[in-house]
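Chain by chain, the residues run as shown.
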Amino acid sequence: MAESFTVTPWEVTGDIDYEELQRRFGTTPIDDALLRRLGGYGDLHMMLRRGIFYSHRDMNTLLDEYDKGSRFVLYTGRGPSGSTHLGHIMPWILNKWLQDVFDVPMYFQMTDDEKFLFKDLTLGETRSMAYDNALDFIALGFDPEKTKIILDTENIKTLYPIALKVSKKVNFSTARAVFGFENSTNIGSIFFTAVQSAPAFLATELQGRQVPCLIPCGIDQDPHFRVSRDVAPGLGYPKPSMLYCKMFPGLGGGDKMSSSDPNATIFTTDTPKKVKSKIGRAFTGGRVSVDEQRKLGGNPEVCAVFKYNFYMFEKDDRKVEEMSDRCRRGEILCGECKAALTEKINVFLEGHQAKREEAKEIIGSMAFEGFEW
């Protein structure tokens, strides 16, 4: 049977079956026992409660080491190929919660080299986009004393020895099987996964002892980190632990927000007018008429407006459930939900954009090894 969806680090298409994807990648469900354990360190984040972060690798092992006094380092990142949208910042928000709860350092890797290799972009363009994207990351409130931003082309002197060690353990047949590379693939793309592995082992190298690493990110990045985990023991590094989230939905009803469709995407720099226009055109689970909606109710399961509340914009679980119930009973219309969501997003963006401006004053101090933008 042909696969109905595709999820790779560079392409996400189709209607994603997340349970099937979990089986395909071999990750472990986040079960109630793990949620209870995580909740013991601090109030459990809504993205964990609601199963948005839903799968992991070796989280219990990481927490066992933490309980013994071995602090881990967080690592996540961004491939700068355009403006930041809500789908990009969703996993960063969970990273911020983890940094606050566990009081640990963070490495944020900007893979300007990757986007140069895989996209029709110049290094100047990817560097400029990296700066712009980093402002959104900083605006979320990461501790500037414990957070370092890595720009691959600037910090390659430090990353390269680690990447070389990783690359020596990965043969082309493995890279081809994991990533689908072909004879026409440029050799930089084939090598890149070694560069993305490097920050997972960076703290171990710098401190001269085994430092656990936790990587919370989208599950589309799992192929890279399967390779990282496979080679880690042979290089004397601890296997990085993983927390994987689902894709943030698009306004058009798809499973993933995409920069390639700006009308179905909310960017962090959008104006209130743009947000209102985009939400106004969003795909909903409503009926063809008001009367039919009142009589038969709507379907929140397919509604982009409801999903936006579920994934990010309604923190109260009780209110989310109430919103779903009222929709199904026809007690609330799509226009009302769109207006309420528009207000929530614009309130968020107003604050975020102000913090984004403030980030320009501190971005230099957060650069790993002090490179200048």
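Refer to the structure printed above.
The numbering scheme is per chain: residues are counted from 1 as the chain's sequence reads. Local features in a predicted model are, by the rule used here, given only for residues with pLDDT of at least 70; side-chain atom pairs are given and counted only at 80 or more, and totals for whole chains, interfaces and linings are based on all residues. Neither water nor hydrogens contribute to the side-chain values; these are computed over all heavy atoms in the structure.

Looking at the overall build of the protein
Test applied: We count a stretch as a helix when DSSP gives it H or I for four or more residues in a row; a strand needs E for two or more, and each element gets its number in order from the N terminus. For the radius of gyration, the atom set is restricted to C-alpha positions; the globular benchmark scales as 2.2 Å times the number of residues to the power 0.38. Residues are treated as being in contact if the distance between any of their heavy atoms lies within 4.5 Å. Residue-level accessible areas treat just the shown protein chains as cover; the underlying method is Shrake-Rupley with a 1.4 Å probe. Residues scored as charged are limited to Lys and Arg (positive) and Asp and Glu (negative), so that His and the chain ends carry no count. For charged residues, the charge sits on one atom: NZ in Lys, CZ in Arg, CG in Asp, CD in Glu.
For the protein, the helix and strand inventory stands at 16 helices and 9 strands. Relative to a compact globule of 373 residues, whose C-alpha radius of gyration would be 21 Å, the protein shows 21 Å and is just as compact. Here the analysis covers contacts within the protein between residues at least 6 apart in sequence; of these, 78% occur between residues at least 24 apart. Looking at the protein as shown, the accessible area adds up to about 16800 Å², and 50% of this sits on carbon and sulfur atoms. Here the protein contributes 47 positive and 52 negative side-chain charges, whose respective centroids are spaced 1 Å apart.

Notes on the sheet that holds strand S8 (residues 213-218)
To be explicit about the condition: A pair of strands is labelled paired if DSSP reports no fewer than 2 bridges between them. Angles run from 0 to 180 degrees between N-to-C directions of axes, and those axes are lines fitted to C-alpha atoms, restricted for helices to the stretch in contact.
Pairing is mixed in the open sheet, where 7 strands are placed in the order S3-S4-S9-S8-S5-S6-S7. With one partner strand each, in any of the chains shown, strand S3 (28-29) and strand S7 (147-151) form the two edges of the open sheet. Bridge count between strand S5 (residues 73-78) and strand S6 (residues 106-110): 5 bridges; the pairing is parallel. Across the sheet, Arg 78 pairs through a bridge with Met 110, a residue of S6. Along the sheet, helix H1 (residues 18-25) contacts S3 and strand S4 (53-57); its crossing angle with S4, the most-contacted strand, is approximately 10°. Helix-sheet contacts for helix H10 (residues 187-207) involve S5, S6, S7 and S8, and the interaxial angle to S6 is about 150°.

Digging into the layout of surface pockets
Counted only if it meets this: Every definition here rests on a 1 Å grid over the protein atoms only: cavities are sets of points where a 1.4 Å probe fits but cannot get out, pockets are open sets enclosed by protein on both sides within 12 Å along at least five of seven lines, and lining residues have some atom within 4 Å of a point. Grid points are joined across faces, edges and corners, and a volume is the space filled by probe spheres set on the points. Each residue gets one of three labels, nonpolar for Ala, Val, Leu, Ile, Met, Phe, Trp, Tyr, Cys and Pro, charged for Asp, Glu, Lys and Arg, and polar for the others, Gly among them.
Reported here for the second largest pocket is a volume of approximately 380 Å³. What lines the second largest pocket is a set of 17 residues, among which Tyr 18, Lys 246, Lys 307, Phe 310 and Tyr 311 lie closest to the centre. Counting residues per element, the lining of the second largest pocket draws most heavily on helix H14 (residues 304-313), at 4 residues. For the lining of the second largest pocket, a count of residues per class yields 9 nonpolar, 2 polar and 6 charged.

Thoughts on helix H4 (residues 59-67)
Operational definition: Note on exposure labels: buried denotes an accessible area under 20% of the residue type's maximum, exposed denotes more than 50%, and partly exposed covers the range between, all computed with a 1.4 Å probe on protein chains only. Our arc is simply the arc of the directions from the helix axis toward the C-beta atoms.
The set of residues buried in H4 consists of Met 59, Leu 62 and Leu 63. One side of H4 holds all its buried residues, which, seen down the axis, span an arc of 95°. Buried residues along H4 sit in contact with helix H2 (32-39), S4, helix H5 (86-102), S8 and strand S9 (241-245). Immediately beyond the C-terminal end of H4, within one or two residues, lies Gly 69, with a positive phi of roughly 105°.

Regarding empty space enclosed by the protein
Enumeration over the complete set of coordinates arrives at 1 cavity of 30 Å³ or more. What the largest cavity holds in volume is close to 100 Å³. Grouping the amino acids of the lining of the largest cavity by side-chain chemistry returns 9 nonpolar, 2 polar and no charged.

Some words on the environment of Ser 81
Position of Ser 81 relative to the elements: it lies in the loop between S5 and H5. On the basis of relative accessibility, which here comes to 28%, the residue Ser 81 falls in the partly exposed class. The spacing of Ser 81 and Ala 232 is 151 residues in sequence and 29 Å in space, taken between C-alpha atoms. Those residues in contact with Ser 81 that lie beyond four places of it in its chain are Lys 115, Lys 119, Leu 121, Met 129 and Asn 133.

Notes on the nonpolar core
The tendency in soluble globular proteins is for nonpolar side chains to be buried side by side. Put simply, the test is: Only buried Ala, Val, Leu, Ile, Met, Phe, Trp, Tyr and Cys residues count toward a nonpolar core, and they belong to the same one when joined by side-chain atoms within 4.5 Å.
Judged by nonpolar contacts, the single largest core of 66 residues is most densely connected at Leu 48, Ile 266, Tyr 308 and Ile 345. Sorting elements by how many residues they give to this core places H5 first, with 9 residues. Not counting chain neighbours up to four residues away, the residues in contact with Leu 48 comprise Ile 30, Leu 35, Leu 38, Phe 53, Leu 94 and Trp 97. With 37 residues, the next largest nonpolar core counts Tyr 107, Leu 159, Ile 215 and Ala 232 among its residues.

What to know about the side chain of Gln 293
Selection rule: Definition of a polar contact: a pair of N or O atoms within 3.5 Å, with one able to donate and the other able to accept a hydrogen when the atoms are protein atoms, and with sequence-neighbouring residues admitted only if both atoms are side-chain atoms.
By the secondary structure assignment, Gln 293 is in helix H13 (residues 290-296). For Gln 293, a relative accessible area of 3% corresponds to the buried category. Within polar-contact distance, the side chain of Gln 293 engages the backbone nitrogen of Arg 287 at 2.8 Å.

Details of the pattern of salt bridges
The cut-off we apply is this: Here a salt bridge means any side-chain nitrogen of Lys or Arg lying within 4 Å of a carboxyl oxygen belonging to Asp or Glu.
This structure, assessed with the given rule, holds 25 salt bridges. One salt bridge in this structure joins Arg 49 and Asp 317, with 2.7 Å as the shortest N-O distance. Remark: Asp 317 occurs in helix H15 (residues 317-328) and Arg 49 occurs in helix H3 (residues 46-49); sequence separation between them is 268 residues. In this structure Asp 317 comes out as partly exposed when scored by relative accessible area, which is 32%.

Some remarks on unusual backbone geometry
Although it is not a glycine, Asp 58 adopts a positive phi angle of roughly 60°. Here Asp 58 shows up in the loop between S4 and H4. Residue classification places Asp 58 among the partly exposed positions, given a relative accessible area of 31%. Although it is not a glycine, Glu 369 adopts a positive phi angle of roughly 60°. Relative to the assigned elements, Glu 369 resides in the segment after helix H16 (334-359).

Thoughts on a nonpolar patch on the surface
Heads up, the condition is: The patch calculation keeps residues exceeding 30% relative accessible area without a salt bridge and links them within 9 Å when they carry like charges or within 5 Å when they are nonpolar (Val, Leu, Ile, Met, Phe, Trp, Tyr).
Together, Ile 156, Tyr 160 and Leu 164 make up a nonpolar patch on the protein surface, roughly 240 Å² of accessible area in all. The topology assignment puts Ile 156 in helix H8 (residues 152-168).

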